[in-house]
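Given next are the chains, with one letter for each unit.
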Amino acid sequence: LDEPTNYLDLEGTLWLQNFLARYPHTVIIISHDRDLLNSSVDTILHLDRKKLTLYSGNYDVFERMRAEKAMQMGKAAEKQAAQRAHLEAFVERFRAKASKAKQAQSRLKMLERMETVGAVVETSVAPLFFPHPEKQLSSPIINLDGAATGYGDTRILSGMTARIDQDDRIALLGANGNGKSTFAKLLCDRLEVLGGQVNRADKLRIGMFAQHQLDDLHADETPVDHVRRLMPGEPEGKVRGRVARMGLSTEKMDTKARNLSGGEKARLLMGLVTFNKPHMLILDEPTNHLDIDTRAALVTALNDYDGAVILISHDRHLIEATMDRLWIVRNGTLERWEGDMDDYRRELLRGPSADKNGQEKPAEEAEEQKAGGSKAERRKRAAELRKQHAPLKKEVDKLESQIESLKADIVKIDRQMADPTLFTADPNKGALLSKKRGETEAEIARVEEIWMTKYEEWEDKTRG
């Protein structure tokens, strides 16, 4: 099987995993789908630098063994140690609330993965970068009230009521043909509203990535040509610098789009759709042409991005590593999925007779009674509390932005102080930079203390 999941939906991918896990004969799989490799194989044959190396175990075991081997050779040790130290320092500062604080979530997730599987993105794989929105918008950024949409006079989806906030991370579930892409087009105003209402925040910018858009790239133009169109009048160096941030090498910058690989085209397209710093990203199957290491870079980029994200993907690992909420498109409408991905997998494998969380109803009802209502009811109460205390949350978000800005100032100062000739060539400037760095660190500590107090207040008031 050569990349068998590339054009399957999540439902088809989960079925295939279950089938292969039970298949009694030999299977050889070429795949970039980490979850498929974890569930379906017991041996990895790794091709690297024209050599084949055999590893026993699934993909997680292979990755840990490969990372350990690289560390023993001194290739990854320094980079991983520096990254872990940076993450641990941040989490340590907010240890009491690190499991819940918004700013610590991605750091904790990255730390956990480093410790459990030793995931290392190879230095040959350029990182992905999604620019943060310049200004946070008031929530909800999109509100649907009984909304319907479709093509022409034909309604595909109707009766949709939901809200999307600035910090939402939502994965869309549902079989191919159920309307996930239709819903995504409605969100970014590419389809007409045929009923109900869809309200969007003023000045809302949305970046949408979809696989079919790869065909919309200008085949005879280079990545530099594509970006220059978005930067009229800018000097050549600045244009090329923007292309470099997409992870395309100097050689690839001047390669016509028709001659780029699928992964290189995907990088270019992601860079183009995020060029104007959107408040929300909609990613429709972004991993089809990405290798495993670039998928790991995508996980990091999404966790670092400050805006909202709507994800349609058959890659379960990507969903679980980056998304916080699950919605399902089926039966001509949109529903909230109150379980997790394991619940969803169980429902698919059990068939339509299972309940919506793939669990026995008596056990579910007992659990709901014990927890004080169904998950849907608890989520509704939490959403009402968040709306009630939105001004306080806005204040918390503003403090978070101030902290990030101060940290960026520290990075700029450190870059200047890294000049080995600074203190000999201009000792006064060196002394001023040292003083400014100390003052900035003190300001970060002061603002973080205020942020922690405000965050705790908001958390106490919105705890359902």
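Residues numbered from 1 in each chain as written. Predicted model: local features only at pLDDT ≥ 70, side-chain atom pairs only at ≥ 80, totals over all residues. Heavy atoms only, no water.

Brief notes about the overall build of the protein
Line of reasoning, step 1. When you go through the protein residue by residue, the secondary structure sums to 18 helices and 11 strands.
Line of reasoning, step 2. The buried share among the 464 residues of the protein stands at 45%.
Line of reasoning, step 3. Taking as baseline every contact in the protein between residues at least 6 positions apart, the subset at least 24 positions apart corresponds to 66%. (Helix = DSSP H or I, 4+ residues; strand = E, 2+ residues; numbered from the N terminus. Buried < 20%, exposed > 50% of the residue type's maximum accessible area, 1.4 Å probe, protein only. Contact = heavy atoms within 4.5 Å.)

Quick look at the sheet that holds strand β3 (residues 142–151)
Line of reasoning, step 1. Strand order in the open sheet formed by 3 strands is β4-β3-β6, and the pairing between neighbours is antiparallel. Only two strands of the sheet have a single partner each, and these edge strands are β4 (154–164) and β6 (193–200). On average, adjacent strands in this sheet sit at an angle of 25° to one another, irrespective of strand direction.
Line of reasoning, step 2. Pairing analysis gives 6 bridges linking β3 to β6, with the strands arranged antiparallel. Counted as the bridge partner of Thr149 is Val193 from β6. (Pairing = 2+ DSSP bridges. Axes fitted to C-alpha atoms, helices over the stretch in contact; angles between N-to-C directions.)

Describing the nonpolar core
Line of reasoning, step 1. Phe130, Leu173, Leu298, Leu302, Ile319 and Tyr344 are the most contacted members of the largest nonpolar core, which totals 32 residues.
Line of reasoning, step 2. When near neighbours in sequence (up to four residues on either side) are disregarded, Leu173 contacts Leu10, Glu11, Lys180, Leu326, Trp327, Ile328, Val329, Trp337, Met341 and Tyr344.
Line of reasoning, step 3. With 29 residues, the next largest nonpolar core counts Leu157, Leu172, Phe183 and Leu186 among its residues. (Core = buried A, V, L, I, M, F, W, Y, C linked by side-chain atoms within 4.5 Å.)

A look at the sheet that holds strand β7 (residues 206–210)
Through backbone hydrogen bonds, the strands of a sheet pair up, either in parallel or in antiparallel fashion.
Line of reasoning, step 1. Spatial strand order, β7-β8-β9-β5-β10-β11: 6 strands in an open sheet with mixed pairing. Of all the strands in the sheet, just β7 and β11 (333–337) have a single pairing partner and so form its edges. Taking the axes of each pair of neighbouring strands and ignoring which way they run, one obtains an average angle of 20° across the sheet.
Line of reasoning, step 2. Across 3 bridges, strand β5 (residues 169–173) lies against strand β9 (residues 308–312) in parallel orientation. Counterpart to Ile170 in the pairing with β9 is Ile310.

Points about unusual backbone geometry
Line of reasoning, step 1. Cis geometry is adopted by the peptide bond preceding Pro140, which originates at Ser139 and carries an omega value of 0°.
Line of reasoning, step 2. Assignment of secondary structure puts Pro140 in the loop between α5 (102–117) and β3.
Line of reasoning, step 3. Within the chain, Glu285 stands out as a residue other than glycine whose phi angle is a positive 50°.
Line of reasoning, step 4. Residue position: Glu285 is located in the loop between β8 (280–284) and α11 (292–304).

A closer look at a nonpolar patch on the surface
Line of reasoning, step 1. Taken together, the side chains of Leu45, Leu47, Leu52 and Leu54 present a nonpolar region at the surface, about 460 Å² in accessible area.
Line of reasoning, step 2. Broken down by secondary-structure element, the contributors of at least two residues to the nonpolar patch are β1 (43–48) and β2 (51–56).
Line of reasoning, step 3. Its location among the elements puts Leu54 in strand β2. (Patch = residues over 30% accessible without salt bridge, like charges linked within 9 Å, V, L, I, M, F, W, Y side chains within 5 Å. Areas by Shrake-Rupley, 256 points an atom, 1.4 Å probe, with all protein chains shown as cover. Salt bridge = Lys/Arg side-chain N within 4 Å of Asp/Glu carboxyl O.)

Examining the packing of aromatic side chains
Line of reasoning, step 1. Tallied over the full model, the rule gives 7 aromatic pairs.
Line of reasoning, step 2. Measuring from centroid to centroid gives 6.4 Å for Phe130 and Tyr305, while their planes differ by 85°, and the two rings are edge-to-face. Taken as a pair, Phe130 in the loop between α5 and β3 and Tyr305 in the loop between α11 and β9 lie far apart in primary sequence, 175 residues in all.
Line of reasoning, step 3. Phe130 gets classed as buried once you look at its relative accessible area, which sits at 4%.
Line of reasoning, step 4. Judged by relative accessible area, which is 2%, Tyr305 ranks as buried.
Line of reasoning, step 5. One aromatic cluster is present, built from ring pairs that chain together Trp15, Phe19 and Tyr23.
Line of reasoning, step 6. One cation-aromatic arrangement involves Arg245 over Phe129; the distance from NZ or CZ to the ring centre is 3.9 Å. (Phe/Tyr/Trp six-rings, centres within 6.5 Å; stacked < 30°, edge-to-face > 60°. Lys NZ or Arg CZ within 6 Å of the ring centre and 35° of its normal.)

Describing the confidence of the model for the protein
Line of reasoning, step 1. Here the protein shows a mean pLDDT of 83. Residues at 70 or above account for 81%.
Line of reasoning, step 2. Long-range and interchain partners of residues 115–123, a stretch whose pLDDT sits below 50, account for 23 contacts in this model, where long-range means more than four residues apart.
Line of reasoning, step 3. Note that residues 353–371 has pLDDT below 50 and, in this model, 28 contacts with residues that lie over four places away or in other chains. (pLDDT = per-residue confidence, 0-100.)

Description of the pairing of β8
Line of reasoning, step 1. Most of β8 is tucked away, with 5 of its 5 residues classed as buried.
Line of reasoning, step 2. Where burial is concerned, the two faces of β8 agree: the one with Met280, Ile282 and Asp284 and the one with Leu281 and Leu283 are both buried.
Line of reasoning, step 3. The sheet contact formed by β7 and β8 spans 5 bridges and is parallel. Note that in β8 the partner of Ala210 across the bridge is Asp284.

So, the packing of helix α1 (residues 10–22) against helix α13 (residues 341–350)
Line of reasoning, step 1. Where α1 contacts α13, the axes come no closer than 10 Å and their chain directions differ by 75°. In terms of axis orientation, α1 runs roughly perpendicular to α13. Every residue of α13 that contacts α1 at Leu10, Glu11, Leu14 and Asn18 is listed here: Met341, Tyr344, Arg345, Leu348 and Leu349. (Parallel < 35°, antiparallel > 145°, perpendicular 65-115°, else oblique.)

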